[in-house]
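Topology and contacts: notes
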Amino acid sequence: MWWFLLCILGFIRLYLDGVKVLLYQLFNRSFTLPDLPKQNGKVAIVTGGTRGMGFEISRHLVSLDMHVIIAGNEEEEGLAAVKKIQKLNRGKVEFMYLDLASLTSVRQFVQRYKATGLPLHVLVNNAGVMLVPERRTEDGFELHFGLNYLGHFLLTNLLLDVLRKSGKPGKCSRIVIMSSATHYGGRITLDDLQGRMCYSSHGAYAQSKLALLLFSYHLQDQLWAKGDNVTVNAVDPGMVDTALYDNLCSPAQLAKKPFAKLLFR
C-alpha cells in the first residue's frame, strides 16, 4: 500500500510541475537566441541529435561553423538528419552510433571517438526517454535511470580527459545537460533505484532528471576544485512540442493537443 501511494504521488507531482511550466510559458515570452560568434571548426557531440531539440541544436551548431557529431541509436535516421543539415548549411556534420541504454555501446563510442584524434569543445547530453512502460536496459537497469542518467554519466566521465585537453583559460570546454522542471517532483529512492517494488513511469522519469541535475552540480564542483577549463551547464528548455510526449496517458494526450500549439515551445 505504501509503495502504491508513492507511485500515485509521483504521478501527481509530475503533472503539477507540468501545469506550473505551462503557466510560466503562458505569461513569459520564449527565450530569444542571441547572436553567437562563429566557432571556427570547434567540435561538438550531441546525443539524440537526429530529431526534436537535438536536431535543432545540431543544425544551429553547424551553422556556427562547428564540426558536429550526432550520436544516436538509429543509423538510418541519423544519416537522414546529417543529409538534411548539410542541405541547410555547409558546415561539417556526421553520425556516430551510440546506444545510451548499453554501457558497452557507450564505451565503444568513446573508443571510436578518441581514435579519430578530434578535440571536444562541447558535449550536449540531450537524448532521453520519458514515461515509457517498464523496461530494462541491456545491463538490467530501469530504462529511464539507465538511459537518461547512467548512459550520460558514463559518457561524460569517459570523455572528460578530451574535454580537459580541449579547454583553455577563458575558452572553457562545455558540458550541457538537458534538465527538466520535473526534477522538482523527483525523489532519489536509494533503496529501490530501479523501481522494482512499485514501478511508476512518472516517478522514474522525474528521478532520472533529478539525478542528472545532482550530477551536474557535483561535477562542476569537482572541475572548479581542480581548476579544469571545463564548465557544466544544466538547461531546462521548458515544454517543447516534440515526440517526447508520445507516451503520455490517453487523457493527458487529449488535453495536450489544444494546449501544445498555444503554449508549448
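Reading the values: the criteria
- Residues numbered from 1 in each chain as written.
- Predicted model: local features only at pLDDT ≥ 70, side-chain atom pairs only at ≥ 80, totals over all residues.
- Heavy atoms only, no water.
- Axes fitted to C-alpha atoms, helices over the stretch in contact; angles between N-to-C directions.
- Helix = DSSP H or I, 4+ residues; strand = E, 2+ residues; numbered from the N terminus.
- Parallel < 35°, antiparallel > 145°, perpendicular 65-115°, else oblique.
- Left-handed = near helix turned anticlockwise from the far one by under 90°.
- Contact = heavy atoms within 4.5 Å.
- Pairing = 2+ DSSP bridges.
- Buried < 20%, exposed > 50% of the residue type's maximum accessible area, 1.4 Å probe, protein only.
- Phe/Tyr/Trp six-rings, centres within 6.5 Å; stacked < 30°, edge-to-face > 60°.
- Nonpolar A, V, L, I, M, F, W, Y, C, P; charged D, E, K, R; others polar.

**Remarks on the packing of helix 2 (residues 52-63) against helix 3 (residues 75-88)**
Contact geometry for helix 2 and helix 3: axes closest at 10 Å, N-to-C directions at 40°. It follows from the interaxial angle that helix 2 and helix 3 lie oblique. For helix 2 against helix 3, the interelement crossing comes out right-handed. Contacts from Phe55, Ser58, Arg59 and Val62 of helix 2 reach helix 3 at Ala81, Lys84, Ile85 and Leu88.

**Re the sheet that holds strand 4 (residues 122-125)**
Hydrogen bonds between backbone groups are what pair the strands of a sheet, and the pairing can be parallel or antiparallel. Overall, parallel pairing links the 6 strands, which are arranged 3-2-1-4-5-6 in an open sheet. Each having just a single partner strand, strand 3 (93-97) and strand 6 (230-235) make up the two edges of the open sheet. Here the average twist between neighbouring strands, direction ignored, is 15°. Those strands touched by helix 3 are strand 2 (67-72) and strand 3, and its axis lies near 170° from that of strand 3. Where helix 4 (residues 103-116) meets the sheet, its contacts fall on strand 1 (43-47), strand 2 and strand 3, and the angle it forms with strand 3 comes to roughly 140°.

**Some points on the environment of Phe95**
Position of Phe95 among the secondary structure elements: in strand 3. Since its relative accessible area comes to 14%, Phe95 is described here as buried. In this structure, the C-alpha to C-alpha distance between Phe95 and Gly49, residues 46 residues apart in sequence, is 9.0 Å. Residues in contact with Phe95, not counting those within four places in the same chain, are Thr50, Ile70, Gly72, Glu74, Glu75, Gly78, Leu79 and Val82.

**A closer look at the packing of aromatic side chains**
All told, the structure shown has 4 aromatic pairs when counted by the stated rule. Relative to Tyr149, the ring of Phe145 lies with its centre 5.3 Å away and its plane at 50°, an arrangement referred to as tilted. Of this pair, Phe145 and Tyr149 both sit in helix 5 (residues 143-166), 4 residues apart, which is roughly one turn of the helix. Residue Tyr149 is classed as buried on the basis of its relative accessible area of 14%. The interplanar angle of 80° and the centroid separation of 6.3 Å between the aromatic rings of Tyr149 and Phe215 together place this pair among those described as edge-to-face. Taken together, the residues span a long stretch of sequence, with Tyr149 in helix 5 and Phe215 in helix 6 (residues 201-226) at a distance of 66 residues. Each member of the pair, Tyr149 together with Phe215, is buried. One aromatic cluster in this structure is built from Phe145, Tyr149, Phe153 and Phe215.

**Points about the packing of helix 4 against helix 5**
Packing of helix 4 against helix 5 leaves a shortest axis separation of 9 Å and a crossing angle of 25°. Here helix 4 is positioned roughly parallel relative to helix 5, judged by the angle of their axes. Our pair here, helix 4 against helix 5, has a crossing hand that is right-handed. Between helix 4, through Leu103, Val106, Arg107, Phe109, Val110, Tyr113 and Lys114, and helix 5, the contact on the second element is made entirely by Leu150, Gly151, Leu154, Leu155, Leu158, Leu159, Asp161 and Val162. Across the contact of helix 4 with helix 5, the residue classes tally to 11 nonpolar, 1 polar and 3 charged.

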